[in-house]
Every structure is written in C-alpha cells, then in structure tokens.
Amino acid sequence: MARQHKAEVMIAGEQLRLRLHDGKLIKDRRYHLRTYPNCFVAEELIVWLVNHKEAPDRTTAVCLMQHLMDQDIVHHVCDKWSEFKDAKLLYRFRKDDGTFPFNTQVKIFMRGQRLYEHLIGDKHSILQLREEHGVAYQRSFPGCQMIDWLLQNGEAVSRCRGLELCRALQEHRVIQHVAQKHAFFDSGLLYQFCINFRRRRRLSELLGESEQDKQEGTMLSTQGDSHSDSPFVLHKDPPQEATSGFQSVGASKDLKRVTSGRRGSLNSLQLHSAGFPPIVQLSSTPVIRCNPKSVLKRHFTCEELLVPGAPFTKSVLTVTGDALGWGFVLRGVAPCYVQAVDPGSPAAAAGVKVQQLLCQVNGQCVLYLDYRTITTLVMTGPRIVVLEMMESLE
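This structure is a prediction, so every number in the text was calculated from the model and none was measured. (Residues numbered from 1 in each chain as written. Predicted model: local features only at pLDDT ≥ 70, side-chain atom pairs only at ≥ 80, totals over all residues. Heavy atoms only, no water.)

A. Local environment of the environment of Gln360. Within the element layout of this structure, Gln360 appears in strand E14 (residues 357-361). For the pair Gln360 and Ile374, spaced 14 residues apart in sequence, the C-alpha to C-alpha distance is 9.7 Å. If we ignore the near neighbours within four places in the chain, the residues touching Gln360 are Cys365, Val366, Val386, Leu387 and Glu388. (Helix = DSSP H or I, 4+ residues; strand = E, 2+ residues; numbered from the N terminus. Contact = heavy atoms within 4.5 Å.)

B. Structural detail: the pairing of E14. Counting buried positions along E14 yields four of five residues, so the element is predominantly enclosed. Here E14 runs beside strand E16 (residues 384-392); their pairing, made up of four bridges, is antiparallel. Residue pairing across strands places Leu358 opposite Met389, the latter belonging to E16. Sheet topology places E14 next to strand E15 (residues 364-365); two bridges connect them, and they run antiparallel. (Buried < 20%, exposed > 50% of the residue type's maximum accessible area, 1.4 Å probe, protein only. Pairing = 2+ DSSP bridges.)

C. Quick look at the pattern of salt bridges. Tallying each qualifying case throughout the model produces 15 salt bridges. Asp79 is the salt-bridge partner of Arg94, the closest N and O atoms lying 3.9 Å from each other. You can see Arg94 sitting in helix H4 (residues 94-97) and its partner Asp79 sitting in the loop between strand E3 (74-76) and strand E4 (90-93), a full 15 residues away along the chain. Exposure remark for Arg94: the relative accessible area of 14% places this residue in the buried category. One salt bridge in this structure joins Lys314 and Glu388, with 3.5 Å as the shortest N-O distance. Highlighted residues: Lys314 in strand E11 (residues 312-320) and Glu388 in strand E16, separated in sequence by 74 residues. Put simply, Glu14, Arg17, Lys95 and Asp96 are held in one network by salt bridges that share partners. (Salt bridge = Lys/Arg side-chain N within 4 Å of Asp/Glu carboxyl O.)

D. How the structure looks around helix H6 (residues 143-152). Considered for burial, the residues of H6 that qualify are Gly143, Met146, Ile147, Trp149 and Leu150. All buried residues of H6 fall inside an arc of 160° around its axis, so they share one side. Contacts made by the buried residues of H6 are with helix H5 (104-121), strand E6 (135-142), helix H7 (159-171) and strand E8 (190-193). Phi turns positive one or two residues past the end of H6, at Gly154, with a value near 70°. (Arc of directions from axis to C-beta.)

So yeah, pure geometry; function would need other evidence.
This is the structure in structure tokens:
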C-alpha cells in the first residue's frame, strides 16, 4: 500500500507540474540578482490551487504541497526551508532541476509508466479484452506476448531479461496477474497494469482522511467537480419521475430513496481513455452528503467474520460496470460494507445488497482496507469486478 500511495503521489505531482508549466506559473525568476530557472512562487501557487478547486482553502492547499515536499516531489530552490510556506518564496519541482531521487522503486515505476503509454498508443496493442477461467478482463495481455513485445521494441535484449523486467514490474505493483494468483511467467497467463497512468488525479486524494471520515466513509465532492474519480460517489438532482435512485436500508429495514441524476462514476474522458465507449458528458449537479447514518445494526470486526462457523453467509458476485460505473456505495473500514445500491445498476443485477460486508475484490483480500483504498483498487482494475461478500444471519 505504501508503494501504491507513492505511485499515486508521483503521478499527481507530475500532472500538476505539467499543468503549471502550461499555465506559465513555472518560469525563470530573478531574486537578489540571481536567476532561478523553472520555479514558482508559493503564494501564487496557493491562489491557483484554490481558484482551480484543487483545494477548498489556503490551509488545505499548503498541506497538499507539504505532502509533495515530504515525498521529494517539490523543494525550496535553496533547500533553506523544509516546510512549504504560504509566502513569496521560490520552490521548484525536483524533476525540473534533476534532483529527483531515482531509486530502484522510482526507476521501475517510471519504466512501467513509459511502457504503459507506449502500449496504449500502439495501434495494434497487445492490451485487449481477454478471458481467463470464464472471466473477461479489460486491457489484459498474455505474459509471453508481453515479452515478445519487449524484444520487438528494444525494451529487452533477451527473453530472460524481459522476464526479469516483468517480474520487477509485478514486484513493485505496476502489473499483476488478473486474478492475483500467479507470479509473472513467460506463458499464456493473463496480466494487467495495476495503475491507470492516464487517469486524472485530484490533489485532494493525496491527503489522508481523519479517523472519523475513515470510520463513517462519507462521500464528498466539490460542486465544481464534474469528473469524480470514485465510482461510489452519490450526486443528486431535483426529483424527477424518470430519475433513477439509490436505495438504502436503515436499522428499521424501512426503505429510503435518494434520488440521483447519475451514478457517481468515471466521466466520458476517463472511460474513453480506459478503453470504454465515449458517452455524452453529464452536467454537473449539486452534491450532498448521502446516507450519513450507517445502515448496519452494529459494527462487525474482521475477527468475527473469520471465525469458523460464524453466522454469516458468503457469496461471490461478478459485476460488469457500465458507462456510469458499478452502482453501489461503500462505507466504513475493516471491514467495508454496502451502504446503498442503485436498483437499476449492474451491482443490483449481480445481486449486491445493502448491508453486505466486502471481503475480496478480484481475489484480493480487502477486509482490513478502508473504502477509499478499495475505490482506488476498483478504479485501477478491470471493468468486470468479482466481489466476495458476506451477509449477517442475525
């Protein structure tokens, strides 16, 4: 998880750096008769982050940039300050001055990103919809074809070297077996990239939530955000007869309906870049806190679920996402549970129910993860999601 977080920070930092270059905030600046190339003024950047809704206020913006400093993405031009200050001080991205620490992890990650971009742009890409053991996986590739591709494009001098590279990519969580059951082999087994490098990262994703938010799993988004990254965020329009809705069950078992203009999901650009058919851009909608109260009668611990003979039923459900996402809301942490399900969604059709506890996603144990981490796992995985759920018999 630490490696995955580091990867997300690097991608978000690089996307921010390119945007600041395009916006001319990064440029050569003169201070005390000395010219500092490719730097930005902290005070100006804080204003930019707030105006572009990357942060709700200046304090949060400073925290975001401090996180980038802590991860060696940004530094003070003279390394005089280890803190990011909202002042007329000059800072610079380490990638712009060649001081970025290229350790083994970073080198493997950047190599994987370059390979991903090359493969995505290839007219006859080996990343295709393929099937293994009756389950279809988007943008998957056989191990032997990947090694063939590496040899053909000069990325490896021999099959042995190609195998070593792929195993290093798997070790650093850049690629994985589609069911996460096998190491990398020069065979017909299917693999996928764990990370969608082209997905737009919001800087707010870099900051961890407070313990209360982790427990409550509140899904929030800013009003100007028309491209929420989470497939589980709920949005709301004024009630209309033709509107779909999410249903949630409270402790009293009474159904409550939360009208929804759309299911929170990928926008058309993200779907297109992920290989899904483009759809019409959905209009932005007012955003609210949905289902602030947990639907569970009580909190269950992971230990309770793992006890032999515990009063729970287990089911494995396969959900194939559509253009609007998967259609269910997760909340909580260790374990997460289903807070709401859109009645007309792929999740409902697959049998996902409110109050179910989530144990595995595509063969990976997620019992001890929070909803945000699981959301990222789903977003960077295949369109077809295999969920192992448990349901209380109490």
